[in-house]
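For reference, the chains in residue letters:
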Amino acid sequence: MWTDGACKGNPGIGGWGVLMRSGSHARELRGSEPVTTNNQMELTAVIAGLSALKTKCRVHLHVDSVYVMKGMQEWIAGWKRNGWRTAAKKPVKNGELWRALDEQVARHQVRWIWVKGHSGDPGNERADELANLAIEDLRAQSGA
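About the criteria used
- Residues numbered from 1 in each chain as written.
- Predicted model: local features only at pLDDT ≥ 70, side-chain atom pairs only at ≥ 80, totals over all residues.
- Heavy atoms only, no water.
- Helix = DSSP H or I, 4+ residues; strand = E, 2+ residues; numbered from the N terminus.
- Buried < 20%, exposed > 50% of the residue type's maximum accessible area, 1.4 Å probe, protein only.
- Pairing = 2+ DSSP bridges.
- Axes fitted to C-alpha atoms, helices over the stretch in contact; angles between N-to-C directions.
- Parallel < 35°, antiparallel > 145°, perpendicular 65-115°, else oblique.
- Contact = heavy atoms within 4.5 Å.
- Nonpolar A, V, L, I, M, F, W, Y, C, P; charged D, E, K, R; others polar.
- Phe/Tyr/Trp six-rings, centres within 6.5 Å; stacked < 30°, edge-to-face > 60°.
- Lys NZ or Arg CZ within 6 Å of the ring centre and 35° of its normal.

## A short note on unusual backbone geometry
Then step 1. Residue P11 is reached from N10 by a cis peptide bond, and omega for that bond is 15°.
Then step 2. Positive phi outside glycine occurs at K89, with the angle close to 70°.
Then step 3. If you trace the backbone, K89 turns up in the loop between α2 (66-81) and α3 (95-106).

## Here's the deal with the pairing of strand β1 (residues 2-9)
Then step 1. With 6 of 8 residues buried, β1 lies mostly within the body of the structure.
Then step 2. For β1 and strand β2 (residues 12-22), the ladder comprises 8 bridges, and the chain directions are antiparallel. When the bridges of β2 are listed, D4 appears paired with G17.

## Things to note about the packing of α2 against α3
Then step 1. Where α2 contacts α3, the axes come no closer than 11 Å and their chain directions differ by 95°. Looking at the two axes, α2 sits roughly perpendicular to α3. Listed contacts from α3 to Y67, V68, G71, M72, I76, W79 and K80 of α2 are W98, L101, D102 and V105.
Then step 2. The residue inventory of the contact of α2 with α3, partitioned by class, reads 8 nonpolar, 1 polar and 2 charged.

## Some words on the packing of aromatic side chains
Then step 1. The full count for this structure, using the stated rule, is 4 aromatic pairs.
Then step 2. Taking 5.1 Å as the distance between ring centres and 65° as the angle between the ring planes, the aromatic pair formed by W79 and W98 counts as edge-to-face. Here W98 lies in helix α3 and W79 lies in helix α2, a separation of 19 residues in the sequence.
Then step 3. Taking relative accessible area as the criterion, W98 reaches 0% and is therefore assigned buried.
Then step 4. Grouped by ring-pair contacts, the aromatic residues Y67, W75, W79 and W98 constitute a single cluster.
Then step 5. Across the ring face of W84, the terminal group of R99 is positioned such that the distance to the ring centre comes to 5.4 Å.

These figures come from the coordinates and say nothing about function on their own.
Below, the structure written as structure tokens:
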């Protein structure tokens, strides 16, 4: 699975994309929000991708977001221990999305793989295209 988020303005109109592959099967997902941030779209992409899996799966999850990677590998255990508060005792930014992601990750066996964005990884490039297509879809619907 490859996921990506995009935002035109930060905050601004945003989109997310997911490419899933299993053997010869592929599935693409995308969505958008009229006012959001890049980090929110990165999180939403992963949540949407994992949510689309109906049974427990082993997932090789490719992301280009340092925010998502660090959040899942370094920060989340402390946030949960602190009642979804940071070390500074402030509520975790995007806490609702982090909690939703935590729930989805718990349903699967996830191997996190960081890829550099816009570096030619075909799965990442397609997820990025899907995120940007979602933004175009929303603009077309709203006449913007």
